[in-house]
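In case you want the letters, here they are:
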Amino acid sequence: MAQAPVRYSPDIEDVKSDEEETIAKLNETFDTILEKTAEDYGHAVRSVHAKAHGFLEGTLTIHGDLPAELAQGMFATPGDHNIVMRFSTNAGDILPDTISLPRGLALKVMDVEGDRLPGADGHTQDFVMVNGPVFQNKTADQFLSNLKLLAGTTDRLEGTKEAMSKVLRGVNTVLSAVGIESPKVQTLGGAPNTDPLGETYFSVTPFRYGDYVAKFAVFPVSKDLTDQTDTTVDASTRPDALRDVIRTETQVLDMEWELHVQLCRDLKKQPIEDPTTEWKQEEAPFQRVATIRAAKQDSLSDDKFQHINEEMRFSIWTGLAAHQPLGNINRARNETYRHSANFRARVNGCPFHEPVGAEA
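The name given to the chain in an unreviewed UniProt entry is Catalase, with the source organism recorded as Sphingomonas palmae.

In structure tokens, the structure reads:
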């Protein structure tokens, strides 16, 4: 029998005195990426997850039979919400798909009512996820060191990056064969080049979940999607292979995912301030709270690209106070996400706005 979930309290976080200094340095490093890519492309792109592979519009259905510990925050009210989904790769420059990096999924849920986080405009709830259960760094200052490595590769010769990615994929394959996962190797270009539609996506970091604390995950469940799991995409001759694959598949596949939450049940085994520690499912099981469905559609139409990629920002700090991001990494993501989005809006002359359900 699973242990009772930990109740949320502000004192479960450990706020360090130097966090503001680290955030300032993160913004400086992001500026290196943002300014260089904007100069190269003549158009500002995101400082991370710059390259989008596809966009989907769909529906998220919150289930009405949830037990009290799961019926929290936005999930306390059953019903349907329009959503948009953005699939991406985590680099800050737009690379050919031969350079395989971790995949990202950003999910925006419309018409979510409730008390908002400070500075969270509109009535949406954002989830930002990657296809792995842990973050590559424990703290924001460690992430800063890693980000500087990535910033140093911005605008470098693509052939060099492709060669590095091939080597790192080989290293990662060997490590995985002996039961070792290396988020850092994957972040630097050693991730498997798999079909994004078949991947499971994790929030990686913890969030308030009403009275409790949880992580989130999106699992593919329709057979058409699970058939794509672990399918390798050959990008050797196609720089935008993932866009091509997703665009072809989303016009013919039955697409259904489940949104799960993983309630924290032991602060030592499921720490708040260390996202490099995986919350083991046998100790803190994932539980379904909602279903995501997307009808067959063109995932790369011009209107989707403009509306979702150019006019929207995705941030874990856009949402309800009941789903407040927790931990050092999440606290650092607040100002840095906004800093990046403001740069894009200013350079592109395209202000952001939070959409309502009718726009999705």
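From this point, the discussion proceeds with the structure in view.
Caption draft 1: Representation of the overall build of the chain within the structure. Counting secondary structure elements, the chain contains 8 helices and 9 strands. For the chain, the residues scored as buried account for 56% of the 360 residues in total. A separation threshold of at least 6 residues defines the contact pool for the chain, and within that pool the share at least 24 residues apart is 79%. On the chain, roughly 15200 Å² of surface is accessible, and the fraction owed to carbon and sulfur atoms is 51%.

Caption draft 2: Geometry of the pattern of salt bridges. Per the stated rule, a full pass over the model turns up 18 salt bridges. Aspartate 14 is the partner of lysine 16 in a salt bridge, and the nearest nitrogen-oxygen pair spans 2.8 Å. Residue classification places lysine 16 among the partly exposed positions, given a relative accessible area of 44%. For aspartate 14, a relative accessible area of 39% puts it in the partly exposed group. A salt bridge links lysine 108 to glutamate 354; the shortest N-O distance between them is 2.8 Å. Linking lysine 108 in strand 3 (residues 103–109) with glutamate 354 in the segment after helix 8 (328–348), this pair joins segments that are 246 residues apart in sequence. The same class applies to lysine 108 as to glutamate 354, namely buried.

Caption draft 3: Local environment of the packing of helix 1 (residues 19–41) against helix 8. Running from N to C, helix 1 and helix 8 point in directions that differ by 35°, and their axes come no closer than 9 Å. As for the relative orientation of helix 1 and helix 8, their crossing is right-handed in sense. Within the contact between the two elements, helix 1 uses Glu19, Ile23, Leu26, Asn27, Phe30, Asp31, Leu34, Glu35 and Ala38 and helix 8 uses Asn328, Arg331, Ala332, Glu335, Thr336, His339, Ser340 and Phe343. Across the contact of helix 1 with helix 8, the residue classes break down as 7 nonpolar, 5 polar and 5 charged.

Caption draft 4: Region of the structure containing the pairing of strand 3. Burial of strand 3 is extensive: 7 of the 7 residues sit out of reach of the surface. The side-chain alternation of strand 3 yields two buried faces, one formed by Arg103, Leu105, Leu107 and Val109 and the other by Gly104, Ala106 and Lys108. Pairing between strand 2 (residues 79–89) and strand 3: 7 bridges, direction antiparallel. Paired with arginine 86 across the two strands is alanine 106, which belongs to strand 3.

Caption draft 5: Seen up close, the nonpolar core. Residues Leu60, Phe75, Trp257 and Leu259 are the most contacted members of the largest nonpolar core, which totals 52 residues. Listing elements by their share of this core, those giving two or more residues are strand 1 (51–62), strand 2, strand 3, strand 4 (125–130), strand 6 (207–209), strand 7 (212–220), strand 8 (255–263) and strand 9 (286–294). By size, the runner-up hydrophobic cluster in this structure holds 21 residues, among which are Ala44, Leu144, Phe202 and Ala217.

Caption draft 6: Highlighting helix 1. Helix length check: helix 1, at 23 residues, gives a terminal C-alpha distance of 32 Å against a target of 33 Å (1.5 Å per residue), a fit within 8%. What helix 1 keeps buried is the set Glu19, Thr22, Ile23, Leu26, Asn27, Thr29, Phe30, Asp31, Ile33, Leu34, Thr37 and Ala38. In the segment just after helix 1, glycine 42 is the residue with positive phi, at about 70°.

Caption draft 7: Focus on the packing of aromatic side chains. Scanning all chains against the criterion turns up 12 aromatic pairs. Chaining the aromatic ring pairs together yields one cluster made of Phe75, Phe127, Phe207, Tyr209 and Phe216. Seen from the ring of phenylalanine 314, lysine 108 lies directly overhead, with NZ or CZ sitting 5.0 Å from the centre.

Caption draft 8: Examining unusual backbone geometry more closely. A positive phi angle is found at aspartate 111, which is not glycine, with a value near 55°. Positionally, aspartate 111 belongs in the loop between strand 3 and strand 4. For aspartate 111, a relative accessible area of 39% gives the class partly exposed. If you check the backbone angles, valine 204 has positive phi at about 70° while not being a glycine. With respect to the element layout, valine 204 can be found in the loop between strand 5 (201–202) and strand 6.

Caption draft 9: Broad picture of helix 7 (residues 302–310). Every buried residue of helix 7 is accounted for by Lys304, His307, Ile308, Asn309 and Glu310. Where helix 7 is buried, its residues touch strand 1, strand 2 and helix 8.

Caption draft 10: Representation of the side chain of histidine 260 within the structure. Assignment of secondary structure puts histidine 260 in strand 8. According to the relative accessible area criterion, histidine 260 is buried, its value standing at 12%. At 2.9 Å, the side chain of histidine 260 and the side chain of glutamate 258 are in polar contact. Those residues within four positions of histidine 260 in sequence are excluded, and the remaining contacts are Lys215, Phe216, Ala217, Phe219, Phe286, Gln287, Arg288 and Val289.

Caption draft 11: Expanded view of the pairing of strand 8. Within strand 8, 8 of the 9 residues are buried, which leaves it mostly tucked inside the rest of the structure. Pairing geometry for strand 7 and strand 8, over 7 bridges, is antiparallel. What sits directly across from phenylalanine 219, in strand 8, is glutamate 258. Two strands pair when backbone bridges link them, and strand 8 and strand 9 are joined in this way by 8 bridges, in the antiparallel orientation. What sits directly across from valine 261, in strand 9, is glutamine 287.

The rules behind each value
Residues numbered from 1 in each chain as written. Predicted model: local features only at pLDDT ≥ 70, side-chain atom pairs only at ≥ 80, totals over all residues. Heavy atoms only, no water. Helix = DSSP H or I, 4+ residues; strand = E, 2+ residues; numbered from the N terminus. Buried < 20%, exposed > 50% of the residue type's maximum accessible area, 1.4 Å probe, protein only. Contact = heavy atoms within 4.5 Å. Areas by Shrake-Rupley, 256 points an atom, 1.4 Å probe, with all protein chains shown as cover. Salt bridge = Lys/Arg side-chain N within 4 Å of Asp/Glu carboxyl O. Axes fitted to C-alpha atoms, helices over the stretch in contact; angles between N-to-C directions. Left-handed = near helix turned anticlockwise from the far one by under 90°. Nonpolar A, V, L, I, M, F, W, Y, C, P; charged D, E, K, R; others polar. Pairing = 2+ DSSP bridges. Core = buried A, V, L, I, M, F, W, Y, C linked by side-chain atoms within 4.5 Å. Expected span 1.5 Å × (residues − 1). Phe/Tyr/Trp six-rings, centres within 6.5 Å; stacked < 30°, edge-to-face > 60°. Lys NZ or Arg CZ within 6 Å of the ring centre and 35° of its normal. Polar contact = N/O pair within 3.5 Å; in protein donor to acceptor, adjacent residues only side chain to side chain.

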